[in-house]
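Survey of secondary and tertiary structure
Residue-level listing of the chains:
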Amino acid sequence: MSGLALQNVVKEFGAFRAVNDVDLTVPHGTFVCMLGPSGCGKTTLLRMIAGLDLPSAGAIRLDGEDITRVPTHKRNLGMVFQSLALFPHLTVGENIAYPLRIRGAPKEDQKKRVDELLSMIHLPGYADRPVSKLSGGQRQRVAIARALAISPKLFLLDEPLSALDAKLREAMQVELRQLQQQLGITTIVVTHDQREAMTMADTVVVMSGGEIRQAASPIEIYRRPADSFVADFIGQTNLIEAEADIQNHVTVLGQSVPGLQLPPDATKATISIRPEDVHLTAPGPGALTGTVTFVRDLGGTIETFVDVAGRQIVAVSTPRARPEVSVGQEIGVALTPDVCVVLRK
Amino acid sequence: MRREPPQTLGDYSPLLFPAAMLTIFFVVPFGTMIAVSFFQREQGGFYTPAFVFDNYQRFLSAFFGGVLGFSLMMAIAVAVCCVVLALPFTYLLTRMARRVQIVWLVALLSILSLSEVIIGFAWSTLFSRTAGITNILVALGLMGEAKALTPSFAAVLTGMVYQAFPYTVLVLFPALVRLDPTLTEAARTLGASPLKAFFTVVVPALRNTIVATLIMVFIFALGSYLLPQLLGRPQHWTLSVLITDQAIYQSNMPFAAAMAVFLVLVTLGLVALTVIAGRKGETA
C-alpha cells in the first residue's frame, strides 16, 4: 500500500502512556493535520514517524515497508520543527543545501536546487544571506525549503506556524496548502489551532489523551463529530442532554422533538447543535422556550445567549436573519432533527 | 535590551573598585617586572637599576628559544587534547539525566580541588614500574613485564591534560546546555547520522566557544611548572620552570623578569592571531 500506516502504535514514558494504541492510514499525497490540546500525544506521534522517538509497541510502515526501527537519517523525510532549527552558522543557501551536501551531491546540483527552492518560496537571491538577518516569515519559508530539498517521501511539520503573528500565519497556511498540492507530497502537520487544521487538511485527526478521537475530513469533523470531545474542541457547539422513552420519543430539556432518533438501545444521549443551526423564533409550540440572557453583537454576526431550563444555548446568526431581541425577553428555540448530531457515549 | 552609555563621571563609579584592584595587584607588579627586566644584574649580589638589554640578549639563544618553543608546543598540545576529549564528553553529559550530570560535575570539581603537587605525585606513582598501571596490564597478560612510564613527554602531557580537563568541561558546559537540541534532531531528519550531525552542526555552531576554550586552556597550561618537573625529563621542562629556576635558585631576577615579559608577549601575540583568524573565518 502506498502511503503511511501506523499500526497499534504505543509510546510509554515510564508509567505514562503518551500515545495509546494508535491506528492511522495516510494515503500517498494527502495532507493530514493532527489536532489536539497540548499533552495529547500528537507531537510524540510525529516524532515517532520521524524516528526521533522509538515506539514502545506497534509498527510504522511507509509504502508497505516497515520503518519502525529505521534510524531517522535513513528515512528520507523532511521535517520542520517548532523552533525551525535553522543552523545559525550557515547562510540561507547553505541551510537549504545541507541535506544535499550530507548526501554528497555535486556542488553545481546543490546550487541549482537551492535556486529552484528559493524561487519556489519567493525568496530568490537570498542564498548568501545569514539566517539571522531574516524575518520570522522568511525563516519559516527557509525551513520549509530545507525540508523539501531532497523531495522527501514524507513532509512533517511540528507546530510550524505558531511563532508567526496572526495575519502572517493565515497567509502561510494558504501558501503551505498550495505548495503541498503543487508537490503532491504526503504531509503531516501537528497543530493545536483548529482554524489552521480546517484551512489546510484533507484529513483532520483529533487526538486527546494519547488516542485518536476521530479522523475525517474537516467538514465531516465539523458536521458529524464522533463524540462530545470532538464536537466541543472543533468550533463552538451546544451540548445538550436528550432522553428517549420506550417508544423512542425524544425529549430535549423537557420538550419533545419529533423526528429525532437516538440509537435503538439508548435512553440517554448527548446531542450537539452548532450555534449557527440554532433557529430563534417566537415562543410557542414546536420550540423550546427560553430567556435571552446576553447579546454579543460583533457586527458581522450576532451571538444570542438563551437560558432554556437552566442550560445555556448559544445561537449565532447574521443581523438580517435574526429577529430583534433584547436581554430578558422570552424567545423560542426551534430544534429540527436534521441539525441535531447525536453523539456516542 | 537597550543600554544607555554612561552619562556622568558618577556612572563610572562601579568600575572604581575593580580598576583599583587591577592597578594595585596587576599593573603595578607587572610594571615592576618590566622595569626589572632592564636592570643590571650584580654578580653575586642582586641587581641595580639600569637600562640594559643584556637580559633580553641572553634570552635570544638557541637553548632558550628551544625551551620557549617547547613550552608553547606543550601548551597547544594540552589545549587541543583537552578540547578534543572534553567536547564530545560534555555534549553527551548535557544530554544525560540531571542526576547523572550532577555526579559528574561534582567529580570534576573535586579534581579542581586537588593541588598540582598531589596530581603530580599521584600520576608518578601510577606511571611507576613498581606500583603503576603497567602491573595491571601484566596481570591481564597484555604486557610481558611492568615498566616505568615516567619520566616522559607522554606522562607530562597526561598529567597536564588531567589537570586542565575539568576547567575545559566547565567552560564548555554552559554553551552546550544552551545549544538548541532540535538543531541535531533537524540534522538527523535531513539525513545526517548522529556522528555527522555532531561534526556538521554542533562543532561549527560552537566555533567561537571552542576557540575561546582553546585559548583559555593554552594559557592555563603555559603557566604549569610543577608537573613537567615531576613527570618529565629536563628536556620536557617548560619556560615557567626556567623562570622559577632563575628567579629563586640563581637569584637572577632581571633575567627571570625578561623571560616572563617575553613569554607574556608571545602568548598575547598567539592569542591575537587566533582571534583574528577566528574573525576571518566568520565573515568568509
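Residues numbered from 1 in each chain as written. Chains lettered and ligands numbered in written order. Predicted model: local features only at pLDDT ≥ 70, side-chain atom pairs only at ≥ 80, totals over all residues.

- Where an unreviewed UniProt entry is consulted, chain B appears under the name ABC transporter permease, with the organism given as Sinorhizobium americanum.
- What the UniProt record of chain B gives under Subcellular location (unreviewed entry) is the line "Cell membrane". (UniProt positions renumbered as here; feature names shortened; annotations may be inferred.)

- As annotated in an unreviewed UniProt entry, chain A is Putative spermidine/putrescine transport system ATP-binding protein from Sinorhizobium americanum.
- Its UniProt record gives chain A the following Sequence similarities (unreviewed entry) comment, quoted word for word: "Belongs to the ABC transporter superfamily."

1. Here's the deal with the overall build of chain A
- Helix and strand counts for chain A come out as eight helices and 20 strands.
- Along the longest, intermediate and shortest principal axes, the C-alpha atoms of chain A span 80 × 45 × 35 Å.
- Expressed as a percentage of its 345 residues, the buried residues of chain A come to 39%.
- Considering only contacts within chain A whose residues lie at least 6 apart along the sequence, 65% involve residues at least 24 apart. (Helix = DSSP H or I, 4+ residues; strand = E, 2+ residues; numbered from the N terminus. Buried ≥ 20, exposed ≤ 12 C-beta atoms within 10 Å, placed from the backbone. Contact = placed C-beta atoms within 7 Å.)

2. Thoughts on the confidence of the model for chain B
All names here are of chain B.
- The pLDDT averaged across chain B works out to 86; a share of 97% of its residues lies at or above 70.
- Summarising per-element confidence for chain B, the mean pLDDT is lowest in strand E2 (residues 47–48) (78) and highest in helix H8 (residues 181–189) (93).
- This complex was scored by the predictor with a pTM of 0.78 and an ipTM of 0.81. (pLDDT = per-residue confidence, 0-100.)

3. A look at the packing of helix H4 (residues 98–112) of chain B against helix H7 (residues 153–178) of chain B
Residue and element names in this part refer to chain B.
- Direction vectors running N to C along H4 and H7 enclose 135°, while the axes themselves pass 8 Å from each other. Looking at the two axes, H4 sits oblique to H7. When the axes of H4 and H7 are compared, the crossing they make is left-handed. Of the residues in H7, those in contact with Leu-108, Leu-109, Ile-111 and Leu-112 of H4 are Pro-166, Val-169 and Leu-170.
- A breakdown of the residues in the contact of H4 with H7 according to their chemical character gives seven nonpolar, no polar and no charged. (Axes fitted to C-alpha atoms, helices over the stretch in contact; angles between N-to-C directions. Parallel < 35°, antiparallel > 145°, perpendicular 65-115°, else oblique. Left-handed = near helix turned anticlockwise from the far one by under 90°. Nonpolar A, V, L, I, M, F, W, Y, C, P; charged D, E, K, R; others polar.)

4. Focus: the sheet that holds strand E1 (residues 3–13) of chain A
- Read from one edge of the open sheet, four strands run E2-E1-E4-E5 (chain A), paired in antiparallel fashion. Strand pairing shows two members of the sheet lacking a second neighbour, strand E2 (16–27) and strand E5 (65–66) of chain A, which therefore form its edges. (Pairing = 2+ DSSP bridges.)

5. Topic: the interface of chain A and chain B
- Taken together, the contact pairs 17 residues of chain A with 16 residues of chain B.
- Those elements giving two or more residues to the side of chain A that touches chain B turn out to be strand E6 (77–80) and helix H2 (92–102) of chain A.
- Element by element, the count of residues in the side of chain A that touches chain B is highest for H2 of chain A, at three residues.
- Along the lines of polarity and charge, the residues of the side of chain A that touches chain B split into eleven nonpolar, four polar and two charged.

6. Brief notes about H2 of chain A
Residue and element names in this part refer to chain A.
- Of all the eleven residues making up H2, eight are buried; the element is thus mostly covered by neighbouring parts of the structure.
- What H2 keeps buried is the set Val-92, Gly-93, Asn-95, Ile-96, Ala-97, Tyr-98, Pro-99 and Leu-100.
- Check the buried side of H2 and you find it contacts helix H3 (107–120) and helix H4 (136–148).

7. A closer look at the nonpolar core
- One finds Cys-33, Met-34, Leu-156 and Val-205 of chain A to be the most contacted residues of the largest nonpolar core, which totals 100 residues.
- Tallying contributions element by element places H4 of chain A first for this core, with six residues.
- A domain-level breakdown of this core finds at least three residues from each of domain 1 (3–229) and domain 2 (236–343) of chain A.
- Beyond its immediate chain neighbours, meaning those up to four positions away, Val-205 of chain A contacts Leu-24, Val-32, Cys-33, Met-34, Leu-35, Ile-212 and Ala-215 of chain A.
- The next biggest cluster of nonpolar side chains, apart from the first, holds 26 residues, and it includes Val-78, Ala-79, Leu-157 and Ala-221 of chain B. (Core = buried A, V, L, I, M, F, W, Y, C linked by C-beta atoms within 7 Å. Domains from an automatic or database assignment.)

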